[in-house]
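Letter by letter, the chains look like this.
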Amino acid sequence: MSVPLCPSRRDAITFTAAALTLPGRAIAMPSAAALRPHGATPSARQLAWHRMEQNAFVHFTINTFTDREWGYGDENPAIFNPKAFDADQIVAAARAANLRGLIITAKHHDGFCLWPSAFTEHSIKNSPYKNGKGDIVGELAEACRRQGVKFGIYLSPWDRNHADYGRPAYITFFRNQLRELLTHYGPIYEVFFDGANGGDGYYGGAREMRKIDAVPYYDWPSIIDFVRELQPMACTFDPVGADLRWVGNEEGEAGDPCWATMDDKGFTPEKGNSGVRGGSVWWPAEADVSTRYGWFWHAYEDGQSRSPANLMKIYFDTVGRSAGLLLNLAPDTRGRITDEDVGNLATFGKAVRDMYATDLARSATASASTARRGHPAAHVLDGKPDSFWASADGATTPMLTVDLGAAKTFDVIRLAEHLPLGLRVDRFAIDIAQAGGWREIIARQGIGSQRVIRLDAPVSARHVRLRIVAAAAVPAITEFGVYLAPLLLEPPHILRDREGLVTLTSDAPGQAIAYTIDGSTPTAASPRYTAPFPLPDGGTVQAIGIHLASNAVSTVGRRDFDIRKSDWKILRASAPQAERLIDELNRTDWIAPLVGADGKPCSVTIDLGRSVTMRGFVLKPGWHAPQGAGDPAAWTVRIGDEPALSGPVQETGEFSNIAANQAPQRLVFGRPHRGRYIEIAFPRTANGETRLAIAEIGLLTR
């Protein structure tokens, strides 16, 4: 929020033609007493994790070969064979993006192990990879050591393959596997325990649903103690709050502010996103987000990798708000990161390095309205994480002024608190000096491990001021940096309406758009977009943005479209307003009871206007579900040329990870089906809600 300046502070500034005289040159009487920590503070392992800032998640397992997000546990290990697996290429891609640690999905929910576990046959030892002698976990651990990247593991507590899942015997099995991972692969910096637990599975052939009460079943406190015993410096991402918490979404967006503290009254996604100011537990947020819609590689997502500009936005929305970024990379069936993903990661990493290469405040001078003995204002500019400026006792709203020596142009401010002393600053503002006085350009809550704020547009100034507006204890600021971010262009937005008309738009001013629809990669010489164009029968649209002033070009944006929906009609539905499912407006949700008035599961039947061959469908989750409404967890389909569709169900499936990841769900049928009518039913919700919220349904016919 905007904080008005005190008139007396404005009046204290005197401008002359030659120089600017600033208040605060006469430092207040310093205090010699040592500062004591305020509130909760990080442990040594948490502090080390904070300083890593951003790390890589690597989702790679048998799902990569089945084209699934969640496997059932019934997969044949014989299909896992990444013939060109290259651990060094994967780690190098992470390093190019400045990702300092790497976490591999050693075992996902399907139970397939990427190391030759002695406790299950559902593992890499029974795959063709290296004739059963391979060890993906070990190869990645060694590549991380070679390239100076820290190594971590993901071990799913849920195992849809194991016959004893849900019974006491499984816990012994789970601990045995955890011991293997924590004792065979060197130092581990993080152990990631997924929150997905219980549901449908293969379970040694039982093919049933098993429900558990996760905390008492696993006895999480004892699991955490087990990790501490074997890897004392490993942070845990876990349900009980030992070290790291979930940020509450998989979109790469931390709250503003995002406090590193929480209370002990139970976790909710909303609390995870923002934290709890003054909470008794140091439990910082980790923001897991993928470079693609899904966590695992899918061929249909090629061409849709997050752009460098989008990755930069995610950086400011996570790392810039004191959260840790965990950016997912998805190797393909070769066992390599695609060239598209590598290029985007490298461009993003270079942009971050270029931004920080020149700290415009590094050769500046700093003064403060008050400073503590041994902690002068100059400490915010020395680049040392353990030195800091602190104000005198009782001075909780001090000001710090940085003189850049000459007018400099910048659009990024970076601040950091000295974390061993706790979270001390509640609110702060940044001002710049102009001819008429100080002008506020930033007002925020919380600083924490770091605050990296990008302005809407660059500004020019010689003098920049940090104003602590409110603090729970005297501030301890370890960093004040001023930077100019490089130009990164976001690819154009590609939309198609119900009539099949395609529109291309750009968020940035001064851009032209070039596009193709023939499968070729667009260049500056490609046709320029001037008006919406028809694409009624589907196809691929690719587009780039061209910055007219600099001739800079964005990465390629791509959208694949199927048949248009202009002829579609809702034949019947278990709740009104089902037309919202086919309006091509992603923010209009269909809200429906899970059970219809006829006592049958929620369903919708669509008349396509003509008979077509259907290979699957796409469902977009609800945009903002109201209280009591959630996402579907499972689906059934009937297809035919008779409106009644009275025959048996032809296809069934699940919506994997839909409650946490709101990306479109692409469901492929076991075989094609032809018909004019399709009925999709939803027998249950992901989290037990009594109503459903769905934004859009599309078909796969191509």
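All residue numbers here refer to positions counted from 1 along the written sequence of the relevant chain. Local features are withheld for residues below a pLDDT of 70 in this predicted model, meaning they are given only at 70 or higher, and side-chain atom pairs are given and counted only at 80 or more; totals for whole chains, interfaces and linings count all residues. Where side-chain values are given, they derive from all heavy atoms of the structure, hydrogens and water being excluded.

Caption draft 1: Layout of helix H10 (residues 308–317). Across the ten residues that make up H10, a large majority, nine, are buried. Only protein chains enter the area calculation, which uses a 1.4 Å probe; residues under 20% of their type maximum are buried, those over 50% are exposed, and those in between are partly exposed. Secondary structure elements follow DSSP: runs of H or I of four or more residues count as helices, runs of E of two or more count as strands, with numbering from the N terminus. Among all positions in H10, only Pro308, Ala309, Asn310, Leu311, Met312, Ile314, Tyr315, Phe316 and Asp317 are buried. The contact rule is simple, with two residues in contact once any of their heavy atoms fall within 4.5 Å. Buried residues belonging to H10 abut strand E3 (54–58), strand E13 (285–290), strand E14 (324–329), helix H11 (339–357), strand E17 (399–417) and strand E20 (451–471).

Caption draft 2: Looking closely at empty space enclosed by the protein. Using protein atoms alone on a 1 Å grid, points that fit a 1.4 Å probe yet trap it form a cavity, whereas open point sets bounded by protein on both sides within 12 Å along at least five of seven lines form a pocket; residues with an atom within 4 Å of a point count as lining. Grid points are joined across faces, edges and corners, and a volume is the space filled by probe spheres set on the points. Applying the stated criterion across every chain yields a total of three cavities of 30 Å³ or more. Size it by volume and the largest cavity reaches roughly 60 Å³. Looking at the largest cavity, the residues that line it are Pro257, Cys258, Trp259, Ala260, Arg321, Ser322, Leu423, Gln445, Gly446, Ile447, Gly448 and Arg451. Asp, Glu, Lys and Arg are counted as charged, while Ala, Val, Leu, Ile, Met, Phe, Trp, Tyr, Cys and Pro are counted as nonpolar; the rest, among them Gly, fall into the polar class. Looking at the lining of the largest cavity, its residues break down into six nonpolar, four polar and two charged.

Caption draft 3: Geometry of the packing of H10 against H11. Only the stretch in contact is used when a helix axis is fitted, and all axes are lines through C-alpha atoms; the angle between N-to-C directions ranges over 0 to 180 degrees. Packing of H10 against H11 brings their axes to within 8 Å, and their N-to-C directions diverge by 50°. On the basis of the axis angle, H10 is oblique to H11. The two elements H10 and H11 cross, and the hand of that crossing is right-handed. In this structure, H10 contributes Pro308, Leu311, Met312, Tyr315 and Phe316 to the contact, and H11 contributes Asn344, Leu345, Thr347, Phe348, Ala351, Val352, Met355 and Tyr356. Among the residues forming the contact of H10 with H11, the class breakdown is eleven nonpolar, two polar and no charged. Orientation labels follow simple angle bins: below 35 degrees gives roughly parallel, above 145 gives roughly antiparallel, 65 to 115 gives roughly perpendicular, and whatever is left gives oblique. Throughout, a crossing is termed right-handed when the near helix is turned clockwise from the far one, and left-handed when it is turned anticlockwise from it by less than a right angle.

Caption draft 4: Up close: the sheet that holds strand E4 (residues 101–107). When DSSP finds two or more bridges between a pair of strands, those strands are recorded as paired. Pairing is parallel in the open sheet, where eight strands are placed in the order E9-E6-E5-E4-E3-E14-E13-E10. Two strands bound the open sheet, and with one partner strand each, they are strand E9 (235–237) and strand E10 (245–246). Pairing of E3 with E4 involves three bridges; the strand directions are parallel. Paired with Phe57 across the strands is Ile103, a residue of E4. Each of E4 and strand E5 (150–155) touches helix H5 (residues 136–147); the most contacted strand, E5, lies at about 155° to it.

Caption draft 5: Inspection of the confidence of the model for the protein at higher detail. Confidence of the predictor at the level of single residues is captured by pLDDT, which takes values from 0 to 100. Chain-level pLDDT for the protein is 93 on average; 95% of the residues reach the 70-or-more range. Counted against residues more than four places away or in other chains, residues 1–32, with its pLDDT under 50, gives 57 contacts.

Caption draft 6: Structural context of helix H6 (residues 168–184). Every helix has an expected span of 1.5 Å times one less than the residues it contains. Under the 1.5 Å per step criterion, the end-to-end length of H6 is 25 Å for 17 residues, consistent within 8% with the ideal 24 Å. When H6 is considered as a whole, its buried residues turn out to be Tyr170, Ile171, Phe173, Phe174, Gln177, Leu178, Glu180, Leu181 and Leu182. Those residues of H6 that are buried lie in contact with E4, H5, E5, strand E6 (190–192), helix H7 (214–218) and helix H8 (220–230). Just downstream of H6 lies Gly186, where phi reads positive at about 80°.

Caption draft 7: Summary view of the layout of surface pockets. Looking at the second largest pocket, its volume works out to about 510 Å³. What lines the second largest pocket is a set of 29 residues, and nearest its centre among them are Glu53, Pro385, Ala416, Ser449 and Glu479. Broken down by element, the lining of the second largest pocket gets its largest block of residues, five residues, from strand E21 (residues 476–483). Looking at the lining of the second largest pocket, its residues break down into twelve nonpolar, nine polar and eight charged.

Caption draft 8: Just the pairing of E14, in detail. Of all six residues in E14, six are buried; the element is thus mostly enclosed. Residues Gly324, Leu326 and Asn328 line one face of E14 and the alternating positions Leu325, Leu327 and Leu329 line the opposite face, and both faces are buried. Across five bridges, E3 lies against E14 in parallel orientation. Bridge pairing in E14 places Asn55 opposite Leu326. Across five bridges, E13 lies against E14 in parallel orientation.

Caption draft 9: Layout of the pattern of salt bridges. Any Lys or Arg side-chain nitrogen found within 4 Å of a carboxyl oxygen on Asp or Glu counts as a salt bridge. This model, assessed by the stated rule, comprises 39 salt bridges. Across the salt bridge formed by Asp431 and Arg467, the nearest N and O atoms sit 2.8 Å from each other. Remark: Arg467 occurs in strand E20 and Asp431 occurs in strand E18 (residues 425–434); sequence separation between them is 36 residues. For Asp431, a relative accessible area of 0% puts it in the buried group. Looking at Arg467, the relative accessible area reads 2%, which means it is buried. For Glu440, the salt bridge goes to Arg467, with nearest N and O atoms at 3.1 Å. Residue Glu440 is located in strand E19 (residues 437–445), and its partner Arg467 is located in strand E20; the two are separated by 27 residues in the primary sequence. An identical accessibility class is assigned to Glu440 and Arg467; each is buried. Linked through salt bridges whose partners overlap, the residues forming this network are Glu53, Arg100, Arg414 and Glu479.

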